[in-house]
Amino acid sequence: MHPIRRQRLIAVIFVVVLATVAVGLVTYALRQNINLFYTPSQITAGEAPEGTRIRVGGMVVPGSVQRVPGSLETLFTVTDGAGEVKIAYTGILPDLFAENEAAVATGMMREDGTFGASEVLAKHDENYMPPEVADAMEKAMDKAHEARQ
Amino acid sequence: MNPEIGHFALILGFALALCQAVLPMVGSYTGNRPWMAVARPLALGQLLLALVSFVALTLAFLADDFSVLYVANNSNSLLPWYYKISAVWGAHEGSLLLWVLIQAGWIAAVAAWSRSLPLTLVARVLSVMSMVAVGFYLFLLFTSNPFERMLPFPAAEGADLNPLLQDFGLIVHPPLLYMGYVGLSVPFAFAIAALLAGRLDAAWARWTRLWTNAAWAFLTLGIALGSWWAYYELGWGGWWFWDPVENASFMPWLVATALVHSLAVTEKRGAFRSWTLLLAIFAFSLSLLGAFLVRSGVLTSVHAFATDPARGVFILAFLALVVGGSLLLFAIRAQSLPNQGGFEWLSREAFMLINNILLVIATAIILLGTLYPLVADVLGWGKISVGPPYFNLFFVPLMLLLAPLMAVGGILRWKRTEWSWLRPALVLPLLISVVAGLVFPWLYAGAFHAGTAITVAVFVWVVVVLVRDIWRKSAYSGGRVRGLRRLTGSYYGMQLAHLGVACAILGAGMVSIYTAEKDARVEEGGRVEDAGYHFEFADFSVVQGPNYVADQAEVRVWRGERLVATLYPQKRRYLASGQLMTEAGIGGGLFRDLYVSLGEPLGDGAWAVRVHVKPFVRWIWLGALLMAAGGGLAMADRRYRARRTALAGSTIDNAVVTGSH
């Protein structure tokens, strides 16, 4: 092989190997840091894993918001129309958190079946619903329709 | 009547943009000078029409014309007049109109300040920029008309502007950000023109650099303002969330930063040519991608606008056209631009290359993390989000690597630098920065912390290397002051921007490591202790604002026996929408911010509150300000002020060299 071509080939192989390793590492890190979204019905069906960080979202059930007296802990329930999950959160809730509005919580399932949230996001204006929640609600509606037929 | 005038002006502007996209381009190929020359007056006409359109919408807001759907949705008669003006760009349609206005502004600016460039180049640049403008006019007119009426039954009252947006930050953040986003279409258009001509010379690089600096400085300010706004307005004291939309603005910034450096090499050494063009294309493509992510509502984000699938599809198609078309052109024409000038590994070129590689890697990693949820959704892997740990894991080490190299790159010579010359310039700064890094954590927090040590060492390293370099370069037989005055604006701009990077890194590091945050339940007179400060909640009261009612706390912050600050955090309820808003009470300082936000009433007069002590947080924005100022200084360099005739600038197309005006 011509020496210049050979040099180029080595350079190309080097770059390819390096890029592969880099992409591999980045993808690995990505997989460690993604939070899967589960709907309340999936959680009711026991599909959600314990001990991994996941996200749960739905509408906050009216009348379900309770404050634990003397502390900053709040308990509330979210639903997608088919399933319900109880969420416990300690801290300050976002301004737009309200009953009958969409909320998305990040955290882990506890053994007693409640969801321990470390972060709660609420929608940010009245026209907006997080796409995951909209999607979950829609699926639950479809299921409800099927069940009725 | 006004809204219709605005609408007509918009349509006329679209027609002019169409002419401007076609005529000068065709003229540049047929050698038809009048067709090329018409680009400048058309640019002015476009700007005037866009301005008329924008003013018409603003007047509709000021006059509370709720028969206009967009006004009814985003304003209210109780809104103070300055928020009525800023509400013009408070939602999708109006912000797009602002986008079009700014695009017209940049086109007019290029038309006005390009007298020294050959007419063919100017014609092509203006034509390409107008093609981009045509895309946005179409988008505005067909999917997002801000002048749509609600007739015959207009709303009696407006729905009010989102309370989060009723703030000074929002008045200035989007215009600055858009100046940056749209400004990147200038280097993009220059790159396309260079590819079309198959020529790229020092004059091209010099002028592209000027425009890139301008766009970059605006983008820097826009992002920093957004971060500052999020910090004090969202009420949780965060300044960067790795939110998809923040990433969408950050990626073009990173690539534009790489472009600024790569352009320097292209101007001074004639190297990195095709790479520079590629970066210019990527920078603008990423800013369009940002527009797509924000406008289509495909991602969950605090910035997402209410969604409409047609808009997403439109921008996606536009994006595909721009990226696909320009990359195709690049693939065909890039070989015709040979690179010049070899260099050794210890040279400014080599360090610029490392800078570019690191910045592009950082961009790629952020792009992957931002788009991964989209890809996963499309492929049915489930709904996922990528958390900040992923971004921090890669971004922080990359920047901590980049910053020390940045300092060295700033003092290196072009082509080749002797190690024996460089070594003495680095030994003392290295010593000082290592000692500072080791000592500072003890002095500040009484305990060693590796993260602090590295952050401080990097900061000190950059500052010392930089100051030493200025000191050395300003040595002059005619005296120090004259020596300092002899250094170019370009040089000072670079040093100032690098200092800004160091400040931002110090701020980000310190606030990430030493933030002290506490949620608590307090009653009137209650106290919360945090990081050596006592927050005394002296009084809760109710206050009345122009369009809201607020619960307000009076918080006295004590350090020992000394009253440091009195803060008034509020919880507002806006009357029109009933929406709640936390207005944090912030006691700012150069070395620490005291930050109090009210949560919610817990009954019995008790409140959930959150207090933070945030050391050095202001350095982040201070750093961004320095960077933008650096960009401005570089633009004020004397080589841009000198009147250049057609003689001095070597030209893109030899057919039309002289008498370009």
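No experiment lies behind these values; they were computed from the predicted model shown.

Procedures and definitions
Residues numbered from 1 in each chain as written. Chains lettered and ligands numbered in written order. Predicted model: local features only at pLDDT ≥ 70, side-chain atom pairs only at ≥ 80, totals over all residues. Helix = DSSP H or I, 4+ residues; strand = E, 2+ residues; numbered from the N terminus. Buried ≥ 20, exposed ≤ 12 C-beta atoms within 10 Å, placed from the backbone. Contact = placed C-beta atoms within 7 Å. pLDDT = per-residue confidence, 0-100. Domains from an automatic or database assignment. Pairing = 2+ DSSP bridges. Axes fitted to C-alpha atoms, helices over the stretch in contact; angles between N-to-C directions. Core = buried A, V, L, I, M, F, W, Y, C linked by C-beta atoms within 7 Å. Parallel < 35°, antiparallel > 145°, perpendicular 65-115°, else oblique. Left-handed = near helix turned anticlockwise from the far one by under 90°. Nonpolar A, V, L, I, M, F, W, Y, C, P; charged D, E, K, R; others polar.

Remarks on the overall build of chain B
Inference 1: In terms of regular secondary structure, chain B is built from 21 helices and 11 strands.
Inference 2: Its C-alpha atoms give chain B principal-axis dimensions of about 85 × 80 × 55 Å.
Inference 3: The 661 residues of chain B split such that 54% are buried.
Inference 4: Restricting to contacts in chain B with at least 6 residues of sequence separation, those with at least 24 account for 74%.

Examining the overall build of chain A
Inference 1: Counting secondary structure elements, chain A contains 3 helices and 7 strands.
Inference 2: Taken across its 149 residues, chain A has 33% of its residues classed as buried.

A word on the environment of Thr114 of chain A
Residue and element names in this part refer to chain A.
Inference 1: Its place among the elements puts Thr114 in the loop between strand E6 (102-109) and strand E7 (115-122).
Inference 2: Each C-alpha atom, one on Thr114 and one on Pro94, is 20 Å from the other, the two residues being 20 residues apart in sequence.
Inference 3: Excluding anything up to four places from it in sequence, Thr114 contacts Lys86, Ile87 and Ala88.

Side note on the confidence of the model for chain B
All names here are of chain B.
Inference 1: When pLDDT is averaged along chain B, the result is 89, and 95% of the positions lie at 70 or above.
Inference 2: Every residue in residues 644-661 scores below 50 in pLDDT, and together they form 33 contacts with partners more than four places removed in sequence or on other chains.
Inference 3: Model confidence for the complex is summarised by a pTM of 0.90, with the ipTM given as 0.79.

Some words on the domain arrangement of chain B
All names here are of chain B.
Inference 1: Each domain of chain B was delimited in the assignment, giving domain 1 (1-166), domain 2 (198-409) and domain 3 (516-615).
Inference 2: On a C-alpha basis, the centres of domain 1 and domain 2 stand 26 Å from each other.
Inference 3: In this complex, domain 1 contributes 8 residues to the contact, which on the side of domain 2 involves 10 residues.
Inference 4: Considering every element that reaches the side of domain 1 that touches domain 2, the biggest residue donor is helix H7 (residues 119-143), with 3 residues.

Re the sheet that holds strand E10 (residues 592-603) of chain B
Residues and elements named next belong to chain B.
Inference 1: In spatial order, the strands read E2-E11-E10-E9; together these 4 strands make up an open sheet with antiparallel pairing. Every interior strand has two partners, whereas the edge strands, strand E2 (516-522) and strand E9 (585-587), have only one. Across the sheet, the mean angle separating the axes of adjacent strands is 15° when strand polarity is ignored.
Inference 2: Examined bridge by bridge, E2 and strand E11 (residues 606-615) share 7 bridges and lie antiparallel to one another. Among the inter-strand pairings, Ala520 is bridged to a residue of E11, identified as Val609.

Details of the nonpolar core
Residues and elements named next belong to chain B.
Inference 1: Among the nonpolar cores identified, the biggest contains 243 residues, and Val100, Met129, Val255 and Val462 are the most heavily contacted of them.
Inference 2: In terms of residue count, the dominant contributor to this core is helix H10 (residues 202-233) (17 residues).
Inference 3: With residues up to four places along the chain from it excluded, the contact list for Val100 reads Ala50, Ala133, Phe136, Tyr137 and Leu140.

A few points about the packing of helix H1 (residues 2-30) of chain B against helix H3 (residues 39-62) of chain B
Residues and elements named next belong to chain B.
Inference 1: Axis separation between H1 and H3 bottoms out at 8 Å; the angle between their running directions is 160°. Our classification of the angle between H1 and H3 gives roughly antiparallel. Relative to H3, the crossing made by H1 is left-handed.
Inference 2: When grouped by side-chain class, the residues that make up the contact of H1 with H3 number 19 nonpolar, 7 polar and no charged.

Considering unusual backbone geometry
Residue and element names in this part refer to chain B.
Inference 1: You will see that Asp64, though not glycine, has its phi angle at about 50°, which is positive.
Inference 2: Topologically, Asp64 is positioned in the loop between H3 and helix H4 (69-74).
Inference 3: Its identity is not glycine, yet Asp160 carries a phi of approximately 80°, on the positive side.
Inference 4: With respect to the helices, strands and loops of the structure, Asp160 is situated in the loop between H7 and helix H8 (168-183).

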